[in-house]
Amino acid sequence: SVGEVMAIGRKFEDALQKAVRMLDLGRDGVTDYRSPETDKELLHHLTTPTTRRLFALVEAFKKGYTLEKISALTGIDPWFLHRIENVVNEEKALKKNPQKIHDKHSLRKLKELGFSDRRIGLITRKSESNIRALRKRLSIVPSIFQIDTLAGEVPAKTNYLYLTYNGSHNDVDPFYKSGVIVLGSGPYRIGSSVEFDWTCINAALALREYGKKSIIINCNPETVSTDFDMSDRLYFEDLTYESVADIYEFENSMGVIVSVGGQAPHNIVGKLDSYRIPILGTKPSNIDLVEDRTKFSALCDRLGVQQPPWEKVNTMKDAIMFAKQVRYPVLIRPSYVLSGAAMSVCNSEEELEMYIKKATVLSSEHPIALSKFF
């Protein structure tokens, strides 16, 4: 069950791109791959099933491999490869003509193929908020669809919902202020699993006691929080700012609870707050004070709490200089990561360089604190 997600769309391209975002790897879709392969490595990942194989398919299309050749190397049915090729070709076309996003039909097509606002913004050199504002001006918003669990034999009245741009109506009506959104933890991983399922369920059950409608957003089919009778409404969606904001705007709910879902909700709480979405519970500024290691260490200094010597580092040069001052070993403490992910003890300059590069990949938007390690 570790790493398992459930992505639902009206097109395969949409569901696949959504699934990649759900994995919480920091990637915005199948084309978001920042490690170009050598020809030898690429061939290895095409012929050998690995966790990088999906991205190798995309890389192969980018390098001009034919669909027939990729199918022969991988044994993957051409139908699926056609769908992936559609995504690659659409991104190529957007890079050649970034202005096409101002055309309603073109932007809608990108959304129908599962491109996130952030990915579109990256390609066209605009911010995620710019793309969001643009598509709202063009009246491009997702539809809310129910999952039909009864094979169309009789009308389904399930609370399983998903977002799609391949539609023009909503299957449900908003809960408005009687509803409260609860963000889940996403896929299970080491350090983030059943405990957050427990807290999500208990939050949903407590909301019922107070006469509120619970709206859970999660994408892990292994959890109890995604069972049909655990909440009043369940969205199988990625825990990204875009999806949560879209759901909040549709539901127009009382607010969002982020504190029972662990790291994934905390990673977007700043954006949700800046978009003026009510955060219920601990203030976003206080969440940031604890999640940002440099701010937390500075707070300890102000309160006179003893701690090892530390420094906020922005460059490799700063890190090396600090390590020489306090002497090795030193501890790398990245921000906004759970259970010490990417936290590393370094005993030499070589290790320091290697681990800082690893840590910044995991949390490029947040600073790193470096401490003397005892």
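Residues numbered from 1 in each chain as written. Predicted model: local features only at pLDDT ≥ 70, side-chain atom pairs only at ≥ 80, totals over all residues. Heavy atoms only, no water.

Novice: Is there a simple way to explain the sheet that holds strand β4 (residues 213–218) in this structure?
Specialist: Spatial ordering of the open sheet is given by β1-β2-β5-β4-β3-β6-β7, a layout of seven strands whose pairing is mixed. A strand with exactly one partner marks an edge of an open sheet, and here the two such strands are β1 (143–146) and β7 (279–280). Across the sheet, helix α9 (residues 194–209) lies against β3 (179–183), β4 and β6 (256–257), angled at about 175° from β3, the strand it touches most. (Pairing = 2+ DSSP bridges. Helix = DSSP H or I, 4+ residues; strand = E, 2+ residues; numbered from the N terminus. Contact = heavy atoms within 4.5 Å. Axes fitted to C-alpha atoms, helices over the stretch in contact; angles between N-to-C directions.)

Novice: What should I look at first to understand the packing of aromatic side chains in this one?
Specialist: Two aromatic rings are characterised by how far apart their centres lie and by the angle between their planes. Applying the stated criterion to the full structure yields seven aromatic pairs. For the ring pair tyrosine 241 and tyrosine 275, a centre distance of 5.8 Å and an interplane angle of 90° mean the geometry is edge-to-face. Of this pair, tyrosine 241 sits in helix α10 (residues 241–251) while tyrosine 275 sits in the loop between α11 (263–274) and β7, placing them 34 residues apart in sequence. Judged by its relative accessible area of 8%, tyrosine 241 falls in the buried class. Ring-pair connections join several aromatic residues into one group, and the members of that group are Phe12, Trp79 and Phe80. Here the guanidinium or amino end of arginine 83 rests over the ring plane of tryptophan 79, the centre of that ring lying 4.9 Å away. (Phe/Tyr/Trp six-rings, centres within 6.5 Å; stacked < 30°, edge-to-face > 60°. Buried < 20%, exposed > 50% of the residue type's maximum accessible area, 1.4 Å probe, protein only. Lys NZ or Arg CZ within 6 Å of the ring centre and 35° of its normal.)

Novice: What should I look at first to understand the packing of helix α1 (residues 12–22) against helix α5 (residues 78–96) in this one?
Specialist: A pair of packed helices is characterised by two quantities: the angle between their axes and the separation of those axes. In the contact formed by α1 and α5, the axes pass within 9 Å of each other and the chain directions differ by 75°. Regarding the angle of α1 to α5, the classification is roughly perpendicular. Every residue of α5 that contacts α1 at Phe12, Glu13, Leu16 and Gln17 is listed here: Trp79, Phe80, Arg83, Ile84, Asn86 and Val87. Residue composition of the contact of α1 with α5, by class: six nonpolar, two polar and two charged. (Parallel < 35°, antiparallel > 145°, perpendicular 65-115°, else oblique. Nonpolar A, V, L, I, M, F, W, Y, C, P; charged D, E, K, R; others polar.)

Novice: Sorry if this is basic, but what is going on with the pairing of strand β9 (residues 330–334) here?
Specialist: For a regular strand, the rule is simple: side chains alternate between the two faces of the sheet. Of all five residues in β9, five are buried; the element is thus mostly enclosed. Pairing geometry for β9 and strand β10 (residues 344–346), over three bridges, is antiparallel. Residue pairing across strands places leucine 331 opposite valine 345, the latter belonging to β10. Bridging between β9 and strand β11 (residues 368–372) involves five bridges; their strand directions are antiparallel. Residue pairing for β11: proline 334 is matched across the bridge by isoleucine 368.

Novice: I would appreciate a short explanation of the side chain of serine 71 in the present structure.
Specialist: Within the element layout of this structure, serine 71 appears in helix α4 (residues 67–74). For serine 71, a relative accessible area of 16% gives the class buried. Reaching out from serine 71, the side chain makes a polar contact with the backbone oxygen of isoleucine 76 at a distance of 3.0 Å. Beyond its immediate chain neighbours, meaning those up to four positions away, serine 71 contacts Ile76, Pro78 and Leu81. (Polar contact = N/O pair within 3.5 Å; in protein donor to acceptor, adjacent residues only side chain to side chain.)

Novice: Explain the environment of threonine 48 to me, please; I cannot follow it from the model alone.
Specialist: If you trace the backbone, threonine 48 turns up in the loop between α2 (39–47) and α3 (53–62). Placed 26 residues apart in sequence, threonine 48 and threonine 74 show a C-alpha to C-alpha distance of 7.7 Å.

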